[in-house]
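Structural description and commentary
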Amino acid sequence: MFILKRITTWCLIGSIAICVHHSLGYDSKSLLLFLTCPVLPGLNGWITDLNMNPASTSYVKPLEYVIHISFWLVAGVLLDMALTRFMKAVRSK
């Protein structure tokens, strides 16, 4: 299958674009980053505690980006698998 036809590709492109947008400082309140990844609001307390520690402050943003990109990678792969199974079921009938 052509790579641009996969949902995983577009999920990753969108996720990387959101992370770049945030890292450039356009999303100062982290709303776009947190509202587009359902995992990050659940980890908000843990991330805040991690950010309060001066020794680990520099690791918070890259950790948020890794979580965001990983979530959308897994979501894209699962959606691609579900779509592939659905299309096989439709074609076999």
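See the structure printed just above.
These remarks concern the structure in this document. Small disclaimer: the values here were computed from a predicted structure and weren't measured.

A word on the layout of surface pockets
The space that makes up the largest pocket amounts to roughly 240 Å³. Along the walls of the largest pocket sit 15 residues, with His-22, Ser-30, Asn-51, Val-60 and Glu-64 positioned nearest its centre. At the level of elements, helix H4 (44–52) and helix H5 (60–92) are the ones that each hand at least two residues to the lining of the largest pocket. The leading source of residues in the lining of the largest pocket is H4, at 5 residues.

Remarks on a nonpolar patch on the surface
A contiguous nonpolar surface patch, about 540 Å² in accessible area, is contributed by Phe-2, Ile-3, Leu-4, Trp-10 and Ile-13. Locating Leu-4 in the fold gives a position in the segment before helix H1 (7–23). With relative accessibility at 42%, the residue Leu-4 sits in the partly exposed group.

Here's the deal with the side chain of Asp-80
Checked against the element boundaries, Asp-80 lands in helix H5. Within the buried core, Asp-80 has no salt-bridge partner, and the shortest N-O distance to an opposite charge, that of Arg-6, equals 4.7 Å. Within the local environment of Asp-80, its side chain forms a polar contact with the side chain of Thr-8, the two groups lying 2.5 Å apart. In this view, Asp-80 contacts Arg-6, Ile-7 and Thr-8; residues no more than four positions away in its chain are not counted.

What counts and how
Residues numbered from 1 in each chain as written. Predicted model: local features only at pLDDT ≥ 70, side-chain atom pairs only at ≥ 80, totals over all residues. Heavy atoms only, no water. 1 Å grid on protein atoms, 1.4 Å probe; cavity = no way out; pocket = protein on both sides within 12 Å on 5 of 7 lines; lining within 4 Å. Points joined across faces, edges and corners; volume = space filled by probe spheres on them. Helix = DSSP H or I, 4+ residues; strand = E, 2+ residues; numbered from the N terminus. Patch = residues over 30% accessible without salt bridge, like charges linked within 9 Å, V, L, I, M, F, W, Y side chains within 5 Å. Areas by Shrake-Rupley, 256 points an atom, 1.4 Å probe, with all protein chains shown as cover. Salt bridge = Lys/Arg side-chain N within 4 Å of Asp/Glu carboxyl O. Buried < 20%, exposed > 50% of the residue type's maximum accessible area, 1.4 Å probe, protein only. Lys, Arg positive; Asp, Glu negative; His and termini not counted. Polar contact = N/O pair within 3.5 Å; in protein donor to acceptor, adjacent residues only side chain to side chain. Contact = heavy atoms within 4.5 Å.

Such coordinate-based values are descriptive only and should not be taken to indicate function.
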